[in-house]
Amino acid sequence: MSDTLESALSLTEQMRSGNLFAEKCPSRDVLKHVTSRWGVLILVALQEGTHRFSDLRRKMGGVSEKMLAQTLQWLEADGFVNRKSYPVVPPHVEYSLTPLGHEVAEKVAALADWIEGRLPQIMASRERDARSDC
C-alpha cells in the first residue's frame with residue numbers, strides 16, 4: 001500500500017473514532033453544539049417535553065431569536081432535535097428530543113446538575129481569585 005493511501009486511511013480511521021484532538025474531527029462540531037451555553041439549555045428544556053420556539057425563547061432569558069434558531073438548527077442537523085412545522089398562520093413549530101437527543105440531554109443535564117451542586121465552591125474560588133488580583 002502506498003504511503004498516501006495509508007495516511008488517507010489513517011485520517012479516515014481517526015475521524016471515525018472521534019479523535020477530538022484532531023483539528024478537522026467532526027466530533028468537535030458536535031461537541032460545540034451540545035456543550036454551548038444555548039445547546040445545553042435547549043437540551044435540558046426539551047427533556048421536559050415538546051416546546052414551541054417562543055416557549056423556548058421565554059424560558060431561556062438572554063438568548064436572541066437568531067442564536068436560538070441557529071442552535072436548534074445545529075441540534076436538529078446532529079440528530080438530537082425533531083422539528084415539526086404545522087401549516088397554519090401564524091406559523092406553529094414545535095421542537096422535541098429524538099431518542100439520541102434524550103441520551104445526550106441526560107449527559108449535559110448531569111453536568112449542569114454537578115455545576116449547580118458545586119456552585120458555592122466555584123463562587124468561593126472566584127472570590128478568592130478576585131481578591132488576590134487586588
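Refer to the structure above for everything that follows.
Reading the values: the criteria
Residues numbered from 1 in each chain as written. Predicted model: local features only at pLDDT ≥ 70, side-chain atom pairs only at ≥ 80, totals over all residues. Heavy atoms only, no water. Helix = DSSP H or I, 4+ residues; strand = E, 2+ residues; numbered from the N terminus. Buried < 20%, exposed > 50% of the residue type's maximum accessible area, 1.4 Å probe, protein only. Contact = heavy atoms within 4.5 Å. Areas by Shrake-Rupley, 256 points an atom, 1.4 Å probe, with all protein chains shown as cover. Pairing = 2+ DSSP bridges. Salt bridge = Lys/Arg side-chain N within 4 Å of Asp/Glu carboxyl O. Axes fitted to C-alpha atoms, helices over the stretch in contact; angles between N-to-C directions. Parallel < 35°, antiparallel > 145°, perpendicular 65-115°, else oblique. Phe/Tyr/Trp six-rings, centres within 6.5 Å; stacked < 30°, edge-to-face > 60°. Lys NZ or Arg CZ within 6 Å of the ring centre and 35° of its normal. Core = buried A, V, L, I, M, F, W, Y, C linked by side-chain atoms within 4.5 Å.

### So, the overall build of the protein
So, step 1. Of the regular secondary structure elements, the protein holds six helices and three strands.
So, step 2. Counting helices and strands in the order they occur from the N terminus, the protein gives α-α-α-β-α-α-β-β-α.
So, step 3. For the protein, buried positions account for 25% of its 134 residues.
So, step 4. Long-range pairs, those at least 24 residues apart, make up 43% of the contacts in the protein with a sequence separation of at least 6.
So, step 5. Accessible area for the protein stands at about 9500 Å²; split by element, carbon and sulfur atoms hold 54% of it.

### Some remarks on the pairing of strand S2 (residues 81-86)
So, step 1. In the sheet, S2 pairs with strand S3 (residues 92-97) via six bridges, with the strands oriented antiparallel. Bridging across to S3, Val81 finds its partner in Leu97.

### With respect to the pattern of salt bridges
So, step 1. Within the structure shown, the criterion is met by four salt bridges.
So, step 2. Note that Asp55 is salt-bridged to Arg58, the shortest N-O span being 2.7 Å. Placement of both Asp55 and Arg58 in helix H4 (residues 53-59) is noted, with a separation of three residues, approximately one turn of the helix.
So, step 3. What makes Asp55 partly exposed here is its relative accessible area of 30%.
So, step 4. For the salt bridge of Arg57 with Glu65, the shortest nitrogen-to-oxygen distance reads 3.6 Å.
So, step 5. Looking at Arg57, the relative accessible area reads 35%, which means it is partly exposed.
So, step 6. Relative accessible area serves as the criterion here: at 48%, Glu65 is assigned to the partly exposed category.

### A look at the packing of helix H3 (residues 37-47) against helix H5 (residues 65-77)
So, step 1. Two numbers describe how H3 lies on H5: the axes approach to 10 Å, and their chain directions differ by 70 degrees. When the interaxial angle is binned, H3 and H5 end up roughly perpendicular. Facing H3, whose interface residues are Trp38, Gly39, Ile42 and Leu43, H5 presents Met67, Leu68, Thr71, Leu72 and Leu75.

### Topic: the sheet that holds S2
So, step 1. Strands sit in the order S1-S3-S2 across an open sheet of three strands; the sheet is antiparallel. Each edge of the open sheet is held by one strand with a lone partner, namely strand S1 (51-52) and S2.

### Regarding the packing of aromatic side chains
So, step 1. What the rule picks out here adds up to zero aromatic pairs.
So, step 2. Directly above the ring of Trp74 sits Lys32, whose terminal nitrogen or CZ lies 5.7 Å from the centroid.

### As for the nonpolar core
So, step 1. Judged by nonpolar contacts, the single largest core of 21 residues is most densely connected at Leu43, Leu56 and Val81.
So, step 2. The set of elements that each furnish at least two residues to this core consists of H3, H5, S3 and helix H6 (99-132).
So, step 3. Among the elements that make up this core, the one with the highest residue count is H3 (six residues).
So, step 4. Leave out the neighbours within four places in its chain, and Leu56 touches Ala45, Leu46, His51, Leu68, Leu72 and Tyr95.

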